[in-house]
Amino acid sequence: MGKRPGTACCAGGRLKRASLSTRLIHTRLARLSPATVNPPIERASTVLLPTNDALYGPDPTYGRMGLTVHRELETALCELEGAATAQLAPTGLSACALAIASLTEAGDHVVITDSLYGPTRRFCTRRLAAMGVSVTRVPPRIGAEIIDHIRPETRLIVLESPGSLTFEIMDTPTIVQVAAERGIKTLLDNTWSAGVYHKPLELGVDVSVQALTKYAIGHADAFGGAAMARDEATGAKIVDCARDWGLSLGPEEAYTALRGLRTLPVRLDAHQRAGLILAEWLEGRPEVAEILHPALPSHPDHALWQRDFTGASGLFGVVLTPQSDTALDAFLGALTRFAMGFSWGGYESLLIPCDRQLTRLAGDWTETKAGPLLRVHAGLEDPADLIADLEAAFAHLSA
Ligand SMILES: *Cc1c(COP(=O)(O)O)cnc(C)c1O
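Please read all numbers here as calculations on a predicted model, not as lab measurements.

Draft legend 1. Structural detail: the sheet that holds strand β10 (residues 350–353). If you trace the four strands from one edge of the open sheet to the other, you get β8-β9-β11-β10, paired in antiparallel fashion. Where the open sheet ends on each side, the last strands, each with one partner, are β8 (288–292) and β10. Each adjacent strand pair in this sheet contributes to an overall mean axis angle of 20 degrees, direction not counted. Note that β10 and strand β11 (residues 373–377) share four bridges and pair antiparallel. By the bridge assignment for β11, I352 is matched with R375.

Draft legend 2. Region of interest: the packing of aromatic side chains. Counted by the stated rule, this structure contains four aromatic pairs. With a centroid separation of 5.9 Å and an interplanar angle of 75 degrees, the aromatic rings of W192 and F309 are classed as edge-to-face. Residue W192 is found in the loop between β5 (185–189) and β6 (207–211), and its partner F309 is found in the loop between α11 (302–308) and β9 (315–320); the two are separated by 117 residues along the sequence. Since its relative accessible area comes to 5%, F309 is described here as buried. Centre to centre, the rings of F331 and F394 are 5.4 Å apart; their planes meet at 15 degrees, and the pair counts as stacked. A residue pair is termed long-range when its members are at least 10 positions apart, and F331 in helix α12 (residues 325–334) and F394 in helix α14 (residues 383–394) qualify at 63 residues. Judged by relative accessible area, F394 falls into the buried class, the value being 2%. Through a chain of ring-to-ring contacts, three or more aromatic side chains come together here, namely W281, F331 and F394.

Draft legend 3. Inspection of helix α5 (residues 92–102) at higher detail. For α5, the buried fraction is high: ten of the eleven residues fall into the buried class. Three or more residues of α5 are buried, namely G92, S94, A95, C96, A97, L98, A99, I100, A101 and S102.

About the cut-offs
- Residues numbered from 1 in each chain as written.
- Predicted model: local features only at pLDDT ≥ 70, side-chain atom pairs only at ≥ 80, totals over all residues.
- Heavy atoms only, no water.
- Pairing = 2+ DSSP bridges.
- Helix = DSSP H or I, 4+ residues; strand = E, 2+ residues; numbered from the N terminus.
- Axes fitted to C-alpha atoms, helices over the stretch in contact; angles between N-to-C directions.
- Phe/Tyr/Trp six-rings, centres within 6.5 Å; stacked < 30°, edge-to-face > 60°.
- Buried < 20%, exposed > 50% of the residue type's maximum accessible area, 1.4 Å probe, protein only.

And the structure:
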């Protein structure tokens, strides 16, 4: 231990030169002897301290601040995102809410992208508003024109790239430049890339947030969230806010996330390859109007993705040609390898219809697209089996 909770620092320069896969494995903190590869899961509220000074000392003296496994997870997350600090939270949504709330106060104004994860958007428009913070929603493909939405009291711009459900890539460096020139903080939800294929802090973003629930945990069996800050001062604000709200991540969940991080780059590479195979196959089908996958040259933001990302995860969108509700239901019902369910990032493939989640601004996206919107998560099954499943179910759709 020895580090303040929520303020684990990147491991030393020696590790820095190793590649990400190596660094995610070698972020082990000191162990008791006999040493184990993995940290112990300490199930503790009360921590017993030997002296008065130790009781009120700098090390965690209460389980809510986390123990060994939490410190090791924070260290690995700092390595992953190139961050100065990492603060854990019980869910991805609570990490987003925590990070946004810790950087704003009554009277402030916040700009958010319109394709922000729905519940985070709801937190901003409902909860932030109740806290006296005003919110403006802007289209995700905004660049330098974001200037038109900035006010003297604007304190924070909240980004997500690619956007939830509709997969727009944001011009993050341009937005960061506009923000930095005006002393405005930027925050980016980096769940899609899992921090492996996109490094927002290197692009100048102040805070990168992830739902660990998705790829970090990777097996659809636990919740977790984290907010990583580029500098100590911003990180300290997030840590203080987490203390004030009493947020903590359970030790089993923290362990699960840490275990997931060790294999994250290899798993993500397999999700990426399967996702691309499926997307390319789907693009050639007459039942498909459009594929929303930033790694495909047909994607409108492909050039931005090539500039700012080093890969793609297994999550993408598919717009079908116009379909009746009956045909869509028959197609969904015929799938046997793709299951329907919320969340993603596990080893299993998922496919859900998304139209009921699309609640957007005027000029609604839903008015211009051809047919139903599906979200596909490519799992770790053999892509050939997944294609066979889709091909059989497509018999229910019209071209
Ligand atoms: C799932 C998700 C979240 C929320 O994570 P939970 O752990 O389910 O609360 C936040 N942001 C994005 C982009 C997500 O996909």
